[in-house]
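Residue-level structure breakdown
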There are 2 protein chains.
Amino acid sequence: MEKYISLAHGDGGERSHRLIRDVFIEAFGDSNASLFDAAAITMSSHKIAVTTDSFVIKPIFFPGGSIGKLAVAGTVNDLAVSGAKPAFLTCGFVIEEGFPISDLKQIVSDMANEAKKTGVSIVAGDTKVVERGSADGVFINTTGIGIYEPGMGCSLQFEEGDAIIVSGTIGDHGVAVIGARGDLGVTVPIQSDCASLNIMLEEVLRETNGVRIMRDPTRGGLATTIVEIAEDFHLTMKLNESSLPIKSEVHGVCDLLGFDPLYLANEGKAIIIVANQEKDKVLEILRKCPEGRDAVVIGSVIAKGKGQLLLETPLGSKRLLTRLSGTMFPRIC
Amino acid sequence: MEKYISLAHGDGGERSHRLIRDVFIEAFGDSNASLFDAAAITMSSHKIAVTTDSFVIKPIFFPGGSIGKLAVAGTVNDLAVSGAKPAFLTCGFVIEEGFPISDLKQIVSDMANEAKKTGVSIVAGDTKVVERGSADGVFINTTGIGIYEPGMGCSLQFEEGDAIIVSGTIGDHGVAVIGARGDLGVTVPIQSDCASLNIMLEEVLRETNGVRIMRDPTRGGLATTIVEIAEDFHLTMKLNESSLPIKSEVHGVCDLLGFDPLYLANEGKAIIIVANQEKDKVLEILRKCPEGRDAVVIGSVIAKGKGQLLLETPLGSKRLLTRLSGTMFPRIC
């Protein structure tokens with residue numbers, strides 16, 4: 001087999017056929033679905049969730065993951081926080097001419113491993129090749145289909161006093177990727193938190209009542225995600241600065257480079273807003289899982305009717321948090 | 001609103017939010033699905049079809065269409081030829097920094113129009129922005145979900161004597177795009193055939209019996225697509241060279257530049273293999289539609305057991321057709 005992707009790998013002919021057979025079917029398996037055509041699948045429910053995400057992260061391999069692991073985990077998490085059980089994924093690759101096939105095999109293998117871990121099947125795919133210089137390495141789109149099971153799901157009904165939980169430390173992914181890019185001259189001893197959360201979140205939904213909403217604070221970070229919830233549901237919410245879980249290494253890099261960890265991307269964290277009386281039960285379930293061992297309450301819903309998010313400092317003063325405005329770092333996911 | 005895409009449009013913060021609101025929701029509507037998050041949809045059947053495709057065509061606007069129209073029609077057609085009724089689409093954009101927002105609006109408007117025409121809903125989306133030089137303009141992934149209705153569908157059971165029908169002239173898309181690129185020094189008076197075929201093909205399935213298989217001969221062209229069918233189902237098939245519908249302008253460009261129209265991409269054509277006694281009924285239905293007015297029988301299944309495709313010349317000699325090997329033109333779709 002060749003070592004590098006050529007334009008002929010994307011023309012739909014003999015070499016496209018061999019690439020699909022030797023790289024994709026080799027890793028994803030052929031199962032009952034026709035991997036690179038319309039796949040026929042049977043759903044166990046009429047109510048399904050659909051989400052799509054393109055991944056353009058740079059670099060494609062970073063401490064704690066790769067674009068392949070991220071492309072599966074990211075879409076699985078979008079389904080999981082919506083309350084759906086992730087079931088099927090499609091993947092679309094745009095590959096630059098000259099891309100090493102060994103790297104492509106590693107990425108596809110990472111996807112297959114993460115899919116297996118999360119219980120989703122990759123049922124359809126597509127590859128396109130563009131000329132050298134017309135893309136940067138590889139971009140991957142994954143689209144996910146999940147199933148809403150009766151009795152599962154989030155109420156989207158909030159009460160004053162609801163607790164805001166985050167499932168672990170924030171900013172790890174952002175700092176790890178910035179470090180891996182190597183253009184800031186800092187060595188960062190941090191791994192990305194890139195992980196699929198569906199199994200942990202499914203247990204939260206199954207074992208507790210009173211979950212109002214779940215979200216994954218990716219691009220835009222924790223602050224942007226919670227501001228969006230506040231605005232969408234007309235809630236005033238408060239975060240306690242002193243309770244935000246942030247690794248000291250992340251604090252260090254942020255202090256050094258002037259970043260705010262509230263706006264750094266996470267790829268393996270969930271925000272869960274839950275009835276106050278259920279928060280301990282939710283924390284207990286989260287902390288049993290490796291991905292949730294640092295879960296903690298970081299704030300609460302303090303009033304209904306106005307969409308805003310306040311940050312309370314250890315000294316008791318409050319400042320208004322807004323969405324991220326102006327990019328911190330492109331291609332973080 | 002700004003005139004050009006900036007990196008901040010992709011960071012998940014305030015400007016991403018405004019781009020989604022002002023460009024995508026403006027065109028696609030907000031309906032009951034949350035456009036840029038996991039969408040909850042209710043299916044009318046448990047058996048669904050899923051397909052994904054990335055579009056990297058160059059140029060993004062060409063005679064007869066645009067990357068937006070193509071991104072909808074291409075995925076709709078993949079579902080339609082599988083026998084499914086296209087129902088939902090997702091779209092993922094990778095956009096180069098500096099891309100004109102007016103062009104993005106035109107593309108998104110073309111998508112909305114084509115979706116409306118075909119009866120599909122765009123239910124989820126994503127945008128990523130990469131630095132100038134890291135992508136060429138815009139790439140679009142669409143993933144489609146279709147519904148298999150009871151009694152519809154293709155048998156995938158073939159008989160000797162089955163007729164091979166193509167729904168119209170071949171090579172139009174390939175030649176139109178090559179011409180639009182302008183780097184061959186030829187002016188090409190041909191429009192792409194880019195069109196959604198779902199309504200026409202649904203009528204064929206509903207009104208006739210004996211449809212064995214349907215395929216859309218896109219990348220790799222008519223020959224590659226039929227070779228794949230021949231190999232997958234172990235059939236010997238024959239095409240009659242003199243019956244292939246090819247516009248004289250397409251012939252002219254192919255003669256001039258040394259292309260074979262059998263291997264040029266089509267984006268609005270279907271191959272239908274059907275029981276011989278049903279072929280006239282299928283042709284009648286196709287010819288009623290603008291997209292099928294040049295439909296014609298081009299060959300037949302001549303034996304079972306061996307996977308090969310023969311081309312019979314007007315003088316009666318036969319040559320073996322293979323898949324496209326070696327790219328003719330990159331970024332044709």
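Residues numbered from 1 in each chain as written. Chains lettered and ligands numbered in written order. Predicted model: local features only at pLDDT ≥ 70, side-chain atom pairs only at ≥ 80, totals over all residues.

Brief notes about the packing of helix H5 (residues 198-207) of chain A against helix H8 (residues 279-288) of chain A
Helix-helix packing is described using two parameters, namely the angle between the two axes and the distance between the axes. Residue and element names in this part refer to chain A. To keep it simple, the criterion reads: Angles here are taken between N-to-C directions and fall from 0 to 180 degrees, while the axes themselves are lines fitted to C-alpha atoms, restricted in helices to the stretch in contact. Per the convention used, a helix needs a DSSP run of H or I reaching at least four residues, while a strand needs a run of E reaching at least two, with both numbered from the N terminus. Relative orientations are named as follows: roughly parallel for angles under 35 degrees, roughly antiparallel for angles over 145 degrees, roughly perpendicular for angles from 65 to 115 degrees, and oblique for any other angle. Working rule for handedness: look at the near helix, and if it is turned counterclockwise from the far one by less than a right angle, call the crossing left-handed; if clockwise, right-handed. Any residue pair is listed as a contact if its two C-beta atoms, each placed from the backbone, are within 7 Å. Classification convention: Asp, Glu, Lys, Arg as charged; Ala, Val, Leu, Ile, Met, Phe, Trp, Tyr, Cys, Pro as nonpolar; all other residues, Gly among them, as polar.
Packing of H5 against H8 brings their axes to within 10 Å, and their N-to-C directions diverge by 150°. Classified by the angle their axes make, H5 and H8 are roughly antiparallel. For the pair H5 and H8, the crossing hand works out as right-handed. From H5, Met200, Glu203, Val204 and Glu207 reach across to H8, where they touch Val282, Ile285 and Leu286. When its residues are assigned to classes, the contact of H5 with H8 shows five nonpolar, no polar and two charged.

Here's the deal with the relation of the copies chain A and chain B
Applicable threshold: Residues reaching a pLDDT of at least 70 in both copies supply the C-alpha atoms on which the copies are superposed by least squares.
It takes a turn of 180° to lay chain A on chain B, together with a shift of 0.0 Å along the axis; the resulting RMSD is 0.0 Å. Taken together, the rotation and translation describe the operation of a two-fold axis. Closest approach to the rotation axis within chain A is made by the C-alpha atom of Ala135(A), at a distance of 2.1 Å. A symmetric contact is evident, with 100% of the interface residues of chain A recurring at the interface of chain B.

Comments concerning the interface of chain A and chain B
Stated formally: Following DSSP output, two strands are said to pair if at least two bridges run between them.
At the junction of the two partners, chain A supplies 62 residues and chain B supplies 62 residues. Breaking the side of chain A that touches chain B down by element, the ones donating at least two residues are helix H1 (14-28), strand S1 (39-42), strand S2 (47-55), helix H2 (67-81), strand S5 (85-96), strand S6 (121-130) and strand S7 (138-147) of chain A. A breakdown of the residues in the side of chain A that touches chain B according to their chemical character gives 27 nonpolar, 22 polar and 13 charged. Where S1(A) meets strand S2 (residues 47-55) of chain B, four bridges bridge the pair, whose relative direction is antiparallel. Looking at the pairing, Ile41(A) lines up with Ile48(B) of S2(B).

A closer look at the sheet that holds S1(A)
Strand order across the open sheet formed by five strands is S1(A)-S2(B)-S7(B)-S5(B)-S6(B), with mixed pairing between neighbours. The open sheet has two edge strands with one neighbour each: S1 of chain A together with strand S6 (121-130) of chain B. The sheet shows a mean angle of 20° between the axes of neighbouring strands, taken without regard to direction. As paired strands, S2(B) and strand S7 (residues 138-147) of chain B are joined by eight bridges and run antiparallel to one another.

Re H1(A)
All names here are of chain A. Rule in force here: The length a helix should cover is 1.5 Å for every residue beyond the first. By definition, a residue's bend is the angle between the axes fitted to the seven residues ending there and the seven starting there.
Between its first and last C-alpha atoms H1 spans 20 Å; for 15 residues at 1.5 Å apiece the expected length is 21 Å, and the two agree. At arginine 21, H1 shows its largest bend, some 30°. Immediately beyond the C-terminal end of H1, within one or two residues, lies glycine 29, with a positive phi of roughly 80°.

Considering the domain arrangement of chain A
Residue and element names in this part refer to chain A. Rules: Those domain boundaries reflect an automatic or database domain assignment.
You can read the domains of chain A as domain 1 (7-147) and domain 2 (163-321). Look at where the C-alpha atoms of domain 1 and domain 2 centre, and you get two points 27 Å apart. Secondary-structure elements contributing two or more residues to the side of domain 1 that touches domain 2 are H2, S5 and helix H3 (101-118). Examining the composition of the side of domain 1 that touches domain 2, we find that 10 residues originate from one element, H2, more than from any other. Class assignment of the residues belonging to the side of domain 1 that touches domain 2 gives a composition of 11 nonpolar, six polar and six charged.

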